[in-house]
Amino acid sequence: YNQVAKWHGKIDPDILAYLLIALGEYYNNALLIVESNNMGHTTVTKLKNEGYPRLYKEVIEDQQTKKKSIRYGWYTTERSKIAMLNEGIARLRDDDAKINDGALISQMGTVSRGENGNVELNGKDRVVAYCLYCMGRKHYDVTVAVKKPKLNAENGPAIDEHEVWERSRKKGDLFD
């Protein structure tokens, strides 16, 4: 549960897929857990179409036909949101998580239950990403040897972060 990288900003969902592929490949084809709701569906579809080898998936069984199918990406519902939040909280409580992002820690301090008992996570993307990571780590075998080459102009990630930023930048956007 050691945070090794972070990226935060505004980016088109298909371009995000390419950034995730570059980061995932750099970290030995890391498991990618992308929220599949709304705009995330585009990112998940692009990752599948590009053939990324380790994308979070779950088997879904139709209640009537009992036919099983695979759903790629994390589909957030009230039930799944509670599960991922509880896992993220447990990792902090049990002192398993090593978080290296001060902005994530600050954002965690803003999460609370409303009077109705629901937790609102809109705009708390860092918290969602952390909790999704905890869920993936819990359910997937991640004991792989990581052999990272030193980055340089010849063997760096497939997409330069500056290039991604420039392509997705809009006047007035703020990036951390």
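Residues numbered from 1 in each chain as written. Predicted model: local features only at pLDDT ≥ 70, side-chain atom pairs only at ≥ 80, totals over all residues. Heavy atoms only, no water.

J.: Mind showing me how you'd approach the overall build of the protein chain here?
T.: Looking only at helices and strands, the protein chain features 6 helices and 2 strands. When the helices and strands of the protein chain are placed in sequence order, the string is α-α-β-β-α-α-α-α. Looking at the 176 residues of the protein chain, the share that counts as buried comes to 31%. Here the analysis covers contacts within the protein chain between residues at least 6 apart in sequence; of these, 60% occur between residues at least 24 apart. Carbon and sulfur atoms form 48% of the exposed surface of the protein chain, whose accessible area is close to 11,800 Å². (Helix = DSSP H or I, 4+ residues; strand = E, 2+ residues; numbered from the N terminus. Buried < 20%, exposed > 50% of the residue type's maximum accessible area, 1.4 Å probe, protein only. Contact = heavy atoms within 4.5 Å. Areas by Shrake-Rupley, 256 points an atom, 1.4 Å probe, with all protein chains shown as cover.)

J.: I keep staring at the packing of aromatic side chains and nothing clicks. Help me out?
T.: Working definition: an aromatic ring pair is given by the centre-to-centre distance plus the angle between the planes. Scanning the entire structure with this criterion turns up 3 aromatic pairs. Ring geometry for tyrosine 26 against tyrosine 27: centres 4.8 Å apart, planes inclined by 90 degrees, an arrangement best described as edge-to-face. The interplanar angle of 50 degrees and the centroid separation of 5.7 Å between the aromatic rings of tyrosine 56 and tryptophan 74 together place this pair among those described as tilted. Placement of tyrosine 56 in the loop between α2 (40-49) and β1 (57-61) and of tryptophan 74 in the loop between β2 (68-72) and α3 (78-93) is noted, with a sequence separation of 18 residues between them. For the pair tyrosine 56 and tryptophan 74, one class covers both residues: buried. Sitting over the face of the ring of tyrosine 1, arginine 91 holds its NZ or CZ atom 5.5 Å from the ring centroid. Positioned over the ring face of tyrosine 1 is arginine 137, at 5.2 Å from the centre of the ring. (Phe/Tyr/Trp six-rings, centres within 6.5 Å; stacked < 30°, edge-to-face > 60°. Lys NZ or Arg CZ within 6 Å of the ring centre and 35° of its normal.)

J.: Looking at this structure, I do not really get the state of the cysteines. What am I missing?
T.: Each disulfide consists of one covalent bond between the sulfur atoms belonging to two cysteines. In the structure shown here, the tally under the stated rule is 0 disulfides. Cysteine 131 takes part in no disulfide bond, and the closest cysteine sulfur to it belongs to cysteine 134, at a distance of 6.2 Å. (Disulfide = S-S within 2.5 Å.)

J.: Would you take a moment to explain the environment of alanine 30 for this structure?
T.: Of note, alanine 30 is situated in the loop between α1 (13-26) and α2. Taking relative accessible area as the criterion, alanine 30 reaches 22% and is therefore assigned partly exposed. In this structure, the C-alpha to C-alpha distance between alanine 30 and leucine 20, residues 10 residues apart in sequence, is 9.6 Å. Ignoring any residue separated from it by four or fewer positions in sequence, one finds alanine 30 in contact with Gly24, Tyr52 and Arg54.

J.: What is the right way to read the packing of α3 against helix α5 (residues 125-139) from this model?
T.: The geometry of a pair of packed helices is captured by two quantities: the angle between their axes and the separation between those axes. One way to put it is that α3 packs onto α5 with a least axis distance of 8 Å and a crossing angle of 85 degrees. For the element pair α3 / α5, the angle class is roughly perpendicular. In this structure, α3 uses Ala83, Met84, Leu85, Glu87, Gly88, Arg91 and Leu92 to contact α5, whose residues at the interface are Val128, Tyr130, Cys131, Leu132, Cys134, Met135 and Lys138. (Axes fitted to C-alpha atoms, helices over the stretch in contact; angles between N-to-C directions. Parallel < 35°, antiparallel > 145°, perpendicular 65-115°, else oblique.)

J.: So what exactly am I meant to see when it comes to the packing of α1 against α2 here?
T.: Their axes nearest at 8 Å, the elements α1 and α2 cross at an angle of 50 degrees. Here α2 runs oblique to α1, going by the angle between their axes. As for how α1 packs across α2, the hand of that crossing is right-handed. Of the residues in α2, those in contact with Pro13, Asp14, Leu16, Ala17, Tyr18, Leu20 and Ile21 of α1 are Thr42, Thr43, Lys46 and Leu47. Considering only residue class, the contact of α1 with α2 consists of 7 nonpolar, 2 polar and 2 charged. (Left-handed = near helix turned anticlockwise from the far one by under 90°. Nonpolar A, V, L, I, M, F, W, Y, C, P; charged D, E, K, R; others polar.)

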